[in-house]
Amino acid sequence: MKDTDYKGINTLIRTYELRLLKSEDMERLLKAESLRAALEMLRTTDYDFDIETVINSKDFNGFLMAHLHDVYQELYELAPEPELLDLFTLRYSYHNLKVMFKERFLDEQHDDLLIPIGEMSLESLRNLVETGESSQAHPIMVEAVQALKTEFEESGRIEAVTVYMDTYYLRHLRAVTDEVNYPSVTEIADTIIDMYNLTSVVRSQNQDKPRSHLYTLLSSAGSIAKQDIIDESINGSVAIIRKLYAGKAYSGRLESVINDNKVNTLKLDQLMNELIHEVVSDGFYQAFGPLPLLGYIYAKETEVTNLRLILVGKDNGISEDILRERVRLVYGS
């Protein structure tokens, strides 16, 4: 697809960007004296909710995710390549599959954990889990469901749900970026997968898991070979960073996640978000191509994350300074 095919939707995106909360809006919310004061400020924006209901229920996620669902729903209908949105929505679909499989395997109900975001409805996903078949789902997703069913029948390990859904999610993500075939989109996928693998190694070693555990845990869809990571893991996660990630443009910044020869996974996650922010922020200055659309979506995702953090913080009396440290960069800043 040509960059000019995005001209129409990008014009619309520019008007939508005007409704995004700015840095000064976040600052006012951070300075709000109470949860009610923060909600009263937020009520004057595009977010639709009843203040008294939210204060009584403390269900901040409910109205925030409903807003995000509406945003995605509209963009799926308007985007020249709807699959491009899967770059950000697939994680919700695979999260929902995890919840549904745990419900099935443990005979529990967790409807409150489901997130109705993604190209496939919750009903369609549940049907896929029940039957193992779907004409709507991507073949990789169908394979993921079938493989997990087989694995659980043979081993009975509930841990397989997370491992299988995570690794198949990343395979699916790579398939989407290969299909779209746009350099910036590929760069985002590389960042997500490579950081996932690095974080997985750190956590595995912190839990004293055997090296063989990495064969099932790591993704083969990254830009750094899975076997190379496993081989180097014998020397520790810091060695992996300094040898295998040395060729990355952000290699120097990885040093900031190392302290006392240990890797901080929280800082790794923060760095990943910064790197994606930098890629999509280029869309703020472009008229053509998919980056303005991706930039807007990422901005909405970040906005919702920041609002959830602030509202929960206000409800729990967390100080303004601590909240400010945790708030992510606002799109265009």
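In what follows, the accompanying structure is described. (Residues numbered from 1 in each chain as written. Predicted model: local features only at pLDDT ≥ 70, side-chain atom pairs only at ≥ 80, totals over all residues. Heavy atoms only, no water.)

**Here's the deal with the overall build of the protein chain**
And step 1. Regarding its fold elements, the protein chain presents 17 helices and two strands.
And step 2. Here the C-alpha atoms of the protein chain give a radius of gyration of 21 Å, agreeing with the 20 Å that 2.2 N^0.38 yields for 333 residues.
And step 3. Once the C-alpha set of the protein chain is aligned to its principal axes, its extents read approximately 55 × 50 × 50 Å.
And step 4. The burial tally for the protein chain puts 50% of its 333 residues in the buried class. (Helix = DSSP H or I, 4+ residues; strand = E, 2+ residues; numbered from the N terminus. Rg over C-alpha atoms; globule rule 2.2 N^0.38 Å. Buried < 20%, exposed > 50% of the residue type's maximum accessible area, 1.4 Å probe, protein only.)

**Digging into the packing of helix α10 (residues 183-206) against helix α13 (residues 237-244)**
And step 1. Their axes nearest at 9 Å, the elements α10 and α13 cross at an angle of 160°. Taken together, α10 and α13 sit at an angle that is classed as roughly antiparallel. On the side of α10, the interface is formed by Leu198, Val201, Val202 and Gln205, while α13 contributes Ser237, Ile240 and Ile241.
And step 2. The class makeup of the residues in the contact of α10 with α13 is five nonpolar, two polar and no charged. (Axes fitted to C-alpha atoms, helices over the stretch in contact; angles between N-to-C directions. Parallel < 35°, antiparallel > 145°, perpendicular 65-115°, else oblique. Contact = heavy atoms within 4.5 Å. Nonpolar A, V, L, I, M, F, W, Y, C, P; charged D, E, K, R; others polar.)

**Observations regarding the pattern of salt bridges**
And step 1. Counting across every chain of the model gives 25 salt bridges.
And step 2. Notably, a salt bridge pairs Glu301 with Arg91, separated by 2.8 Å at the nearest N-O pair. A residue pair is termed long-range when its members are at least 10 positions apart, and Glu301 in helix α16 (residues 291-315) and Arg91 in helix α6 (residues 86-106) qualify at 210 residues.
And step 3. For Glu301, a relative accessible area of 6% translates into the label buried.
And step 4. Arg253 serves as the salt-bridge partner of Glu274, at 3.3 Å between the closest nitrogen and oxygen. Remark: Arg253 occurs in helix α14 (residues 251-254) and Glu274 occurs in helix α15 (residues 265-281); sequence separation between them is 21 residues.
And step 5. By relative accessible area, which is 34% here, Glu274 ends up partly exposed. (Salt bridge = Lys/Arg side-chain N within 4 Å of Asp/Glu carboxyl O.)

**Description of the packing of aromatic side chains**
And step 1. Evaluation of the coordinates by the stated rule reveals seven aromatic pairs.
And step 2. With 5.8 Å between their ring centres and 45° between their planes, Tyr16 and Tyr296 make a pair best called tilted. Taken together, the positions of Tyr16 in helix α1 (residues 7-17) and Tyr296 in helix α16 put the pair 280 residues apart, joining distant regions of the chain.
And step 3. When the centroid spacing of 5.4 Å and the interplanar angle of 35° are considered together, the rings of Phe101 and Phe105 count as tilted. Here Phe101 pairs with Phe105, and both are found in helix α6, just four residues apart, close to one helical turn. Phe105 shares its class with Phe101; the two are buried.
And step 4. By the ring-pair criterion, three or more aromatic residues cluster together here, those being Phe101, Phe105 and Phe152.
And step 5. If you follow Arg43 out to its NZ or CZ, it ends over the ring of Phe49, 5.7 Å from the centre.
And step 6. Residue placement shows Arg91 over the ring face of Tyr92; its charged tip is 4.6 Å from the ring centre. (Phe/Tyr/Trp six-rings, centres within 6.5 Å; stacked < 30°, edge-to-face > 60°. Lys NZ or Arg CZ within 6 Å of the ring centre and 35° of its normal.)

**Topic: the nonpolar core**
And step 1. Membership of the largest hydrophobic core comes to 113 residues, with the highest contact counts inside it found for Leu75, Tyr94, Leu254 and Leu293.
And step 2. No other element matches the 11 residues that α16 contributes to this core.
And step 3. Not counting chain neighbours up to four residues away, the residues in contact with Leu75 comprise Ile9, Ile13, Tyr16, Leu85, Leu293, Tyr296 and Ile297. (Core = buried A, V, L, I, M, F, W, Y, C linked by side-chain atoms within 4.5 Å.)

**Some thoughts on the packing of α6 against helix α8 (residues 139-155)**
And step 1. Contact geometry for α6 and α8: axes closest at 12 Å, N-to-C directions at 25°. Overall, the two elements α6 and α8 adopt an arrangement that is roughly parallel. The two elements α6 and α8 cross, and the hand of that crossing is right-handed. In this structure, α6 contributes Leu90, Ser93, Tyr94, Leu97, Phe101, Arg104 and Phe105 to the contact, and α8 contributes Ile140, Met141, Ala144, Val145, Leu148, Lys149 and Phe152. (Left-handed = near helix turned anticlockwise from the far one by under 90°.)

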